[in-house]
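A closer look at the structure
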Amino acid sequence: MTFEIDTLLPRFRRLIPAVDECSLRIVAETAEFTAVRQDVAMPLMRVIDHGAMISIRDADGLGYAATADLSDAGLRAALDRARDWARLSKRRSVLSDAILKLPIAKGRYRSSTTKPFNWAMADRIDVLMKESQACKIDARVVDWQASLTTQHIQSALMTADSLATGDYVLQETDITIPALHVTAYEGGVTQTRSWGGRDNGFCQQGGYDVLERAGFIGSGQLAAQEALQLLAAPNCPSGKFDLLLMPDQLMLQIHESIGHPLELDRILGDERNYAGTSFVTLDMFGSYQYGSPLLNVTYDPTQATELATFAYDDEGMQAQRQYIIQNGILLQPLGGMQSNRRAQQMGYAFDAVATSRACAWNRPPIDRMSNLNVEPGTATLDEMIASIEDGLLMKTNASWSIDDSRNKFQFGCEWGQRIRNGKLAEIVRNPNYRGISKTFWRSLAMVGNASTFEVMGTPYCGKGEPNQAIWVGHASPACKFTGIDVFGAER
Amino acid sequence: MKDYFFELVDFALSQLTGTEVLLLKFDGEASDFVRFNHGRVRQPLSVTQRYLALTLIQDQRQQCVTFSLTGNKAADCELLTQQLGMMRHQLPNLPIDPYLLYATDGCDSDQVRRGVLPTADQAIGDIVNQAGGLDLVGILSSGPIYRGFANSLGQCNWHEVDAFLFDWSIYQVADKAIKMSYSGTHWDRLQLRSRIESARTQLPYLEKAAINIEPGEYPAYLSAAAVNELLGLLNWSGFSAKEQHTQQSVLQALVNKERTLSPHITLRENTQLGLAPAFDSVGFVKPDRITLIDAGQHASSLISPRTAKEYGLQANGANESETTQSLELLPGKLDSTNLLEQLDEGIYVSNLHYLNFSDRTACRMTGLTRFATFWVEQGKIVAPLNVMRFDDSLYRMLGSHLMGLTRETEWLLSSVTYGQRSVRSSRVPGALLSKLRLTL
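What counts, and where the lines are drawn
- Residues numbered from 1 in each chain as written.
- Chains lettered and ligands numbered in written order.
- Predicted model: local features only at pLDDT ≥ 70, side-chain atom pairs only at ≥ 80, totals over all residues.
- Heavy atoms only, no water.
- Domains from an automatic or database assignment.
- Contact = heavy atoms within 4.5 Å.
- Salt bridge = Lys/Arg side-chain N within 4 Å of Asp/Glu carboxyl O.
- Polar contact = N/O pair within 3.5 Å; in protein donor to acceptor, adjacent residues only side chain to side chain.
- Nonpolar A, V, L, I, M, F, W, Y, C, P; charged D, E, K, R; others polar.
- Phe/Tyr/Trp six-rings, centres within 6.5 Å; stacked < 30°, edge-to-face > 60°.
- Lys NZ or Arg CZ within 6 Å of the ring centre and 35° of its normal.
- Buried area = accessible area lost by both parts, 1.4 Å probe.
- Pairing = 2+ DSSP bridges.
- Helix = DSSP H or I, 4+ residues; strand = E, 2+ residues; numbered from the N terminus.
- Buried < 20%, exposed > 50% of the residue type's maximum accessible area, 1.4 Å probe, protein only.
- 1 Å grid on protein atoms, 1.4 Å probe; cavity = no way out; pocket = protein on both sides within 12 Å on 5 of 7 lines; lining within 4 Å.
- Points joined across faces, edges and corners; volume = space filled by probe spheres on them.

Interface size is often expressed as the accessible area that is lost when the parts come together. All names here are of chain A. Parsing chain A into structural domains produces domain 1 (5-232) and domain 2 (239-487). Between domain 1 and domain 2, the C-alpha centre-to-centre distance is 21 Å. Contact with domain 1, which involves 51 residues of that partner, is made by 45 residues of domain 2. Across the pair Glu-414 and Arg-193 runs a salt bridge whose closest N-O atoms are separated by 2.7 Å. Taken together, domain 1 and domain 2 are joined by 20 residue pairs in polar contact (both at pLDDT 80 or more). Broken down by class, the residue content of the side of domain 1 that touches domain 2 amounts to 25 nonpolar, 16 polar and ten charged.

A few words on the packing of aromatic side chains. Under the defined criterion, the tally for this structure stands at 33 aromatic pairs over all chains. Between the aromatic rings of A:Phe117 and A:Trp119, the centroid separation amounts to 4.8 Å while the plane-to-plane angle is 65 degrees, which identifies the pairing as edge-to-face. A network of ring pairs unites the aromatic residues A:Phe409, A:Phe411, A:Tyr433, A:Phe440, A:Trp441 and A:Phe481 as a single cluster. Above the plane of the ring of A:Phe117 lies A:Arg124, whose end atom (NZ or CZ) is 5.0 Å from the centre. Positioned over the ring face of B:Tyr171 is A:Arg272, at 4.5 Å from the centre of the ring.

Taken together, the contact between chain A and chain B spans 89 residues of the former and 88 residues of the latter. Here chain A packs against chain B, burying approximately 7400 Å² in sum over the two surfaces, 49% of which is carbon and sulfur. Applying the counting criterion to the chain A and chain B interface returns seven salt bridges. Its salt-bridge partner being B:Asp32, residue A:Arg81 comes within 2.8 Å of it at the nearest N-O pair. Our count for the contact surface shared by chain A and chain B stands at 61 residue pairs in polar contact (both at pLDDT 80 or more). Among the residues forming the side of chain A that touches chain B, the class breakdown is 38 nonpolar, 28 polar and 23 charged. Pairing geometry for strand β3 (residues 44-58) of chain A and strand β3 (residues 61-68) of chain B, over five bridges, is parallel. Residue pairing for β3(B): A:Ile48 is matched across the bridge by B:Phe67.

Right, let's talk about the pairing of strand β5 (residues 135-151) of chain B for a bit. Along any regular strand the residues' side chains alternate between the sheet's two faces. Residue and element names in this part refer to chain B. For β5, a buried count of 16 out of 17 residues is recorded, marking the element as mostly surrounded by other parts of the structure. Across twelve bridges, strand β1 (residues 21-37) lies against β5 in antiparallel orientation. In the sheet register, Val-34 faces β5, and the bridge partner there is Leu-140. Direction of pairing for β5 relative to strand β6 (residues 156-173): antiparallel, over a ladder of 16 bridges. Paired with Ser-141 across the two strands is Leu-165, which belongs to β6. The hairpin formed by β5 and β6 contains four residues between the paired strands, and Gly-154 there has a positive phi angle of roughly 105 degrees.

Let's shift gears to the pattern of salt bridges. Close approach of charged atoms allows side chains with opposite charge to pair. Residue and element names in this part refer to chain A. Scanning the entire structure with this criterion turns up 50 salt bridges over all chains. Here Lys-90 ties to Asp-58 by a salt bridge, and the two come within 3.5 Å at their closest N and O atoms. Of this pair, Lys-90 sits in the loop between α2 (72-89) and β5 (107-110) while Asp-58 sits in strand β3, and the two are 32 residues apart along the sequence. By relative accessible area, Lys-90 is classed as partly exposed at 23%. One salt-bridge network, in which partners are shared between bridges, spans Asp-20, Glu-21, Arg-57, Lys-101 and Asp-161.

A full pass over the atoms with the stated rule returns ten cavities of 30 Å³ or more. Looking at the largest cavity, it is lined by 29 residues, and the ones nearest its centre are A:Ser55, A:Tyr64, A:Leu102, A:Glu315 and A:Pro365. Secondary structure elements with two or more residues in the lining of the largest cavity: β1 (21-37), β3, β4 (61-67), β6 (141-159), α9 (337-345) and β15 (366-367) of chain A together with β2 (40-58) of chain B. For the lining of the largest cavity, a count of residues per class yields twelve nonpolar, seven polar and ten charged. Approximately 240 Å³ is the volume attributed to the second largest cavity. Lining the second largest cavity are 19 residues, and of these A:Ser155, A:Gln171, A:Asp314, A:Arg357 and A:Trp471 sit closest to its centre.

Written out as structure tokens, the structure is:
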């Protein structure tokens, strides 16, 4: 599905009303879902979604209208509706002192997909079937599924001002989301092992190359073997331990306890009724010791394969790599131009981050975390394990919960392994840990080097009213934390 | 929308050849969303969206495609023809689906619930005016919601409801707020004013300095909204027949009769009470009620057509994910007017937040208090409580530690709007617990 940009531009230019700001964002998306459960192909599903979002600002009045009808009549109706909202919200808007002039943006972006998924659907099923058939290695394996989702998203953003000069932003993104999980059961105990977590952590931009990087081929048998190992494993112990977190758990730790609390719209209160607020306040930027001096966090749209890599956000701001936390000090929030302008009006000056995004054509842009990464350090995995006298390694997120200020958290993992006297020891099942974001990252004691670094992500970051689930990337090395509260299950 | 959907149905059916079977599902809405912060407008938005899902079936093979409709018949028919052609071309190369099942008994339905919804002017004007001086944050979602189904065997179903939901909180300080909602089919400015005034009168309870308590076990009253959060988490595999057959349900111990909940707990999927349509995505009609838990014991499960075929069961109108759409927890006998006295000393929880499982086998849940939670002594509110994490098993919370449920229930419409406005709802009472385990 594509849109006819060459004919749309002049048509939209003719329809633009006399207002201070008017923009058009068009999105055309095709997604295909294939799955094999217990060696049976599930129904193939394809979704084709396209439409446009009109946004209008007149003085401090703001209005949006979304339509899938891109004819002149459809666009005109949406323009009228957005203009009505702008008129009605004038002098009643939260933006009254924070009027934003959108930039004139011109640029192109295309995912650097090396092996496009231009396969027949039957070929996709074959790949999944092979992994599925490798899962049933034991009678205790009771359920298993392999799946593959691919998305192609084309979006264009144009403002009244940019159209006057013939400029606009056009971006095309390929996303591939492989997933696999195996469940084993014996004697009242159920254990599930997944490839990259049940939230599909191995999702990236690209095509078949994503499966290659994730090591998807062969994952079925390995996951089944590990599910059986977990069945036979003892319960995770309780107590204070040193904790070595692998990237497929750290991505959730970064997401929940760094990403969300630093979203500027949360700090400004927009999300308090739904996703929540933040323990971070505007006065903390520039001085707050968020983590140990080993903690370096970047907003990084330059990782070519990471899920939320792009050239421009949905307000038309050009994306650039920026430090969010450097040497443990909190530097700046994750706020797009509009939120940044609001913070400025309150007396706080930050650099805006190009991370104001909408999940689809029918939702307006809000502050997201996009690609938010922990930068690699210097330690090898062996060095980190060797440094732990009595601790645990945990990997692959299984459970997540955090308070509305993004402070008190609790996470569970699929896989735990004791570390004794500097060596990996027995596997443990149902490992959980909890802590407080405000201080947790100060217990960061070692940061893995590039050999431990993995690019991961999630397609399901949810927030916003109306709700928006969007894709975000999190890359990180393995990291060691000291003195963490760990516990297991009831049996 | 109804006429448009059935015009497309007629067109699509005219395109079929031979023994092809076609299922058509329609999801649409014309929604106004007005987002508020600090009692002012943050983002006002209108969305008109229509999605048509086609499932083409032949020789026990199937393929599905869902696409957004423009509302322009010529353009939509062209896309429909194109997609039908693609599916027809691919279908012979796909494997046979042994678990394919769809309705063949042609049970038609037509339900339209008209309402009086706020105009754009009212949506902004009424709320901003009533919120004067208050730190109000939230969203109004309003407009008609449409669901349709048809198939090439002649079945036609339509469900249309005018509905609004104003979901909002009023903040007193930091993370302390009164959370409320106003939902229905007929917008009434006086009702809105009454609810906002009610919240305004509760704000003084949040003025006192919040206190902290040590982790441990405390008597607790959970409001209907908090109970709804616990029950909502059970939709993560709890009632699903497929998950139960593969030993993955979080209620597996209940299903296997190893554990029980309190005899006070009777849970139903009650389609008659909710906003959700009475037909599923492949045309099966839902029964009026399905008792899932009866007096603390497992009674039945939610069974999708696919699961029914796979495990030799009778489908009962459940969606593919086998989750509740119109959940009802039957009320108890506690008098809501003197709950604080009955609690005596402990915590009053108005809302819970961000629940997940910390031990699925034990149905142990974790989550946090949110908005307004109070410490109570001698039957009186002492002070707001700072956020606390609970981590406790459902078999204790709604089992051995459940003292009773309130006589009164609340009807809670889901505020979820991912992709589209939800029609999920629940009717639940509050719950008094002898102990709730707090861990952080």
